[in-house]
Every structure is written in structure tokens, then in C-alpha cells.
Amino acid sequence: MPLRIANGAGFLGDSLAAPRRLVESCAVEYLTLEYLAELTMSILARAKEKNPALGYAEDWIEVASSLLPALQSQLALRIVTNAGGTNPIACAAATAQVLMQADLGNELIGVVAGDDLLSRLQEIQAAGCALTNLDTGQPLADLTAPIVSANAYLGARPIVDALADGARLVITGRVADASLTLGPAVFHHGWKWDDLDTLAGASIAGHLIECGAQATGGLFNRWDSMNLADVGYPIAEINADGTSLITKPPHTGGAVNRHTVAAQLV
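A brief look at the structure comes next. Each chain has its residues counted from 1, running along the sequence as written. This being a predicted model, a pLDDT of at least 70 is required before a residue's local features are given, and a value of 80 or more before pairs of side-chain atoms are given or counted; all residues contribute to the totals for chains, interfaces and linings. Remark: hydrogens and water are excluded; side-chain values derive from all non-hydrogen atoms of the structure.

A few words on the nonpolar core. Grouped burial of nonpolar side chains is what soluble globular proteins tend to show. For this analysis, a nonpolar core means a set of buried residues of the types Ala, Val, Leu, Ile, Met, Phe, Trp, Tyr and Cys, connected via side-chain atoms within 4.5 Å. Accessibility here uses a 1.4 Å probe with only protein chains present; expressed as a share of the type maximum, an area under 20% marks a residue as buried, one over 50% as exposed, and anything in between as partly exposed. Core analysis: the biggest nonpolar cluster contains 40 residues, and Leu31, Leu33, Tyr35, Trp60 and Ile79 have the highest contact counts within it. Only DSSP runs of H or I reaching four residues or more are called helices, and only runs of E reaching two or more are called strands; each is numbered from the N terminus. Those elements that place two or more of their residues in this core are helix 1 (18-25), strand 2 (30-33), helix 2 (38-50), helix 3 (59-66), helix 4 (68-73), helix 5 (88-101) and strand 5 (169-172). Ranked by residue count, the leading element in this core is helix 5, at 6 residues. By size, the runner-up hydrophobic cluster in this structure holds 27 residues, among which are Tyr30, Ala162, Leu180 and Ala185.

Taken residue by residue, a regular strand's side chains alternate between the two faces of the sheet. Pairing of strand 6 (residues 235-238) with strand 7 (residues 244-247), which is carried by 4 bridges, proceeds in the antiparallel orientation. Bridging from a neighbouring strand, Ile235 pairs with Thr247 of strand 7. Linking strand 6 back to strand 7 in an antiparallel pair, the connection comprises 5 residues, with Gly242 at a positive phi of about 95 degrees. By definition, two strands form a pair when at least two bridges between them are found by DSSP.

Moving on, we get to the packing of helix 7 (residues 157-164) against helix 8 (residues 179-189). As a rule, the C-alpha atoms of each element are fitted with a line to give its axis, helices using only the stretch in contact, and angles between N-to-C directions run from 0 to 180 degrees. For the pair helix 7 and helix 8, interaxial distance at closest approach is 8 Å and the crossing angle is 50 degrees. Put simply, helix 7 runs oblique to helix 8. The two elements helix 7 and helix 8 cross, and the hand of that crossing is right-handed. Across from Ile159, Val160, Leu163 and Ala164 in helix 7, the residues of helix 8 making contact are Ser179, Leu180, Gly183, Pro184, Val186 and Phe187. Residue polarity is assigned by list, with Asp, Glu, Lys and Arg as charged and Ala, Val, Leu, Ile, Met, Phe, Trp, Tyr, Cys and Pro as nonpolar; anything else, Gly included, falls into the polar class. The residue inventory of the contact of helix 7 with helix 8, partitioned by class, reads 8 nonpolar, 2 polar and no charged. Here is the rule for angles: anything less than 35 degrees is roughly parallel, anything more than 145 is roughly antiparallel, 65 through 115 is roughly perpendicular, and the remaining ranges are oblique. Left-handed describes a crossing whose near helix is turned anticlockwise from the far helix by less than a right angle; the clockwise case is right-handed. When checking whether two residues touch, look at their non-hydrogen atoms; a contact exists if any pair is within 4.5 Å.

Opposite charge on two side chains permits them to pair, given that their charged atoms come into close proximity. Any carboxyl oxygen of Asp or Glu that lies within 4 Å of a side-chain nitrogen of Lys or Arg is treated as forming a salt bridge with it. Considering all chains together, one arrives at 9 salt bridges under this definition. Close ionic contact of Arg222 with Asp224 constitutes a salt bridge, the shortest N to O distance being 3.6 Å. Residue Arg222 is classed as partly exposed on the basis of its relative accessible area of 45%. Look at the salt bridges and you will find they share partners, linking Glu38, Arg174 and Asp177 into a network.

Further remarks concern the environment of Leu99. Within the secondary structure, Leu99 sits in helix 5. Owing to a relative accessible area of 4%, Leu99 belongs among the buried residues under this scheme. When the C-alpha positions of Leu99 and Leu67 are compared, they lie 9.8 Å apart, and in sequence the two are 32 residues distant. Ignoring any residue separated from it by four or fewer positions in sequence, one finds Leu99 in contact with Leu68, Leu71, Leu104, Gly105, Glu107, Ile109 and Leu169.

Turning next to the sheet that holds strand 2. The strand order across the open sheet built from 7 strands is 4-5-3-2-1-6-7, with neighbouring strands paired in mixed fashion. With partners counted over all chains shown, the strands left at the sheet margins are strand 4 (109-112) and strand 7, one partner each. Looking at each pair of strands side by side, their axes are set apart by 20 degrees on average, direction ignored. Both strand 4 and strand 5 contribute to a ladder of 4 bridges, which runs parallel. Bridged to Val111 within strand 5 is Ile171. Here helix 1 sits on the sheet in contact with strand 1 (3-7), strand 2 and strand 6, set at roughly 165 degrees to strand 2. Across the sheet, helix 7 is in contact with strand 2, strand 3 (78-81), strand 4 and strand 5; its angle to strand 5 comes to roughly 150 degrees.

Like-charged residues are merged into a patch within 9 Å and nonpolar side chains (Val, Leu, Ile, Met, Phe, Trp, Tyr) within 5 Å, provided each residue has over 30% relative accessible area and no salt bridge. Only the protein chains shown count as cover for residues, and the accessible areas themselves come from Shrake-Rupley with a 1.4 Å probe. Side chains of Leu118, Leu143 and Ile147 sit close together on the surface and give an oily, nonpolar patch of about 220 Å² of accessible area. Structurally, Leu143 is set in the loop between helix 6 (121-126) and helix 7. A relative accessible area of 42% places Leu143 in the partly exposed class.

In helix packing, the relevant descriptors are the interaxial angle and the interaxial distance, both defined with respect to the helix axes. Packing of helix 9 (residues 196-209) against helix 10 (residues 258-265) brings their axes to within 8 Å, and their N-to-C directions diverge by 100 degrees. On the basis of the axis angle, helix 9 is roughly perpendicular to helix 10. Seen from helix 9, the contacting residues are Ile204, His207 and Leu208; seen from helix 10, they are Val261, Gln264 and Leu265. A class-by-class count of the residues in the contact of helix 9 with helix 10 yields 4 nonpolar, 2 polar and no charged.

Attention now goes to helix 1. Three- or four-residue spacings in an α-helix give side chains the same orientation, since the helix completes a turn every 3.6 residues. Those residues of helix 1 that fall on the buried side of the exposure criterion are Ala18, Pro19, Leu22 and Val23. Burial along helix 1 is one-sided: seen end-on, the buried residues are contained in an arc of 125 degrees. Buried residues along helix 1 sit against strand 1, strand 2, helix 3, helix 4 and strand 6. The arc in question is formed by the directions pointing from the helix axis toward the C-beta atoms.

The following block contains the structure:
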């Protein structure tokens, strides 16, 4: 049977209602939420500078509250999100408070951290890595403006580890966007890390759904031919061989076809 993974957010400030509508209208095993862009990381880093308890996607806390009924009734549902931003531990703590309000305090939350390299920049440069700008060739040491955030893109492996340890919710900092989908697929299908074809196939599925409604018409140049006011968010049905089918909830706007999916993939 294919693994059904839905994505309910493609950026910070995306629809707060989409995640709840996804899990209420369709049977899925995983819900992913992708909040981070490079600019978003800087915004969250500034928020953490002002308040060490912040630095995560605060939208997620409201979304988490809306998902409580689904978490209570759909026992197989798991959630993977990079809402942790620059402060995944604080995000997990805030999420735990939401869960406890619904008597879900025993649910295990996995945290993926270690991507924040801001405090290690001098160490990295001293070790011989100039952190050269790929476009200009300028080394980081020549930069006069202050550096707000510096993050490595982690992969799917720590997400798989958290799921294997029993986490029902996994909150990450900066990970590669497709990892939110690839991690659950690897864990569910039992793939090995050298199963390159299947990993590549699931990575494509991850890239297709990680930007939310962009795959269901949001990037299509014939946007005027469909109803995007009530756009459905994407679901990837990932098979054991790494192939996948992209769909969306019934009776929702937008479209899933070769054109909309190709626009997102490109």
C-alpha cells in the first residue's frame, strides 16, 4: 500500500486552515508543514535575538491547536514540520503545552537540531573553509554587514531516527525541504540509504508537495482557468518503489495535472 503524505503549509504565513482541512477530508498517515525560506530564517533569528524563547514559526502553534481533534481521533496520524526555525527546542516546548491542554501530553515529540552554525563561523573559517559566495567569489570574511543567521541544511536521516524512536510529532530546524517527506517515506518503506532510485523518487515527491498549493495550481500560468480561492493542498501517495501519485482532497479548488505538477517541479 502506498504511504499518503499531505502537506499543509509552504511558507510562514500560509493558510492556517489548510492543515486541518487536509486531515479532516482525507485519510493520510503523515502531515508535513514547511515554513522556512532563507529570508524567513533571518526573520526568526531576529525574533530570537529579542526574545530567546522565540525564533520558531508561531503560526504552527495555532495550527497545532486546530489539529488536536485529528490527533485524538486519528491515532495513525503523525506530523513532521520544520516550524522549529532557529529555535526547535522552544517550539517543541510550546507544542507540548498545546498537547497537554488536550490530554495528549504523553505523545512523544522528536526534535531535530544542530543546523545552527552561527556561533561556529570563526571556527569553520579558521579550519580553512572560506565560505565563499558562489555568485561573487567573495569570502565571508570580507563581508562588512553583520551575519544574522547561518544554518546547514540537514537531511532526512534524523527525521527517520526520531520516527524510529516513537515520535508522533517531529519538529526540526533547517532541513532540506524534501526531507520532510523523504524521512517518513524511508521510515515507512524501510529503505536503505543506498537505495538511490527510491530515495530520488521520494525526494521528487517531497519537492512537489513542499510548497503547498504551488503544486495544485498556484504556480500554473493559467491560474485564471481555475478556482484558487478554495485551493486544495497536495497529497503524495508514495509507493514502495519510490514512484508516487500526486493528488488533493476532493471538492477543492485548483488542479492536479501534468501542467500544474510540472510547473512546481521546474
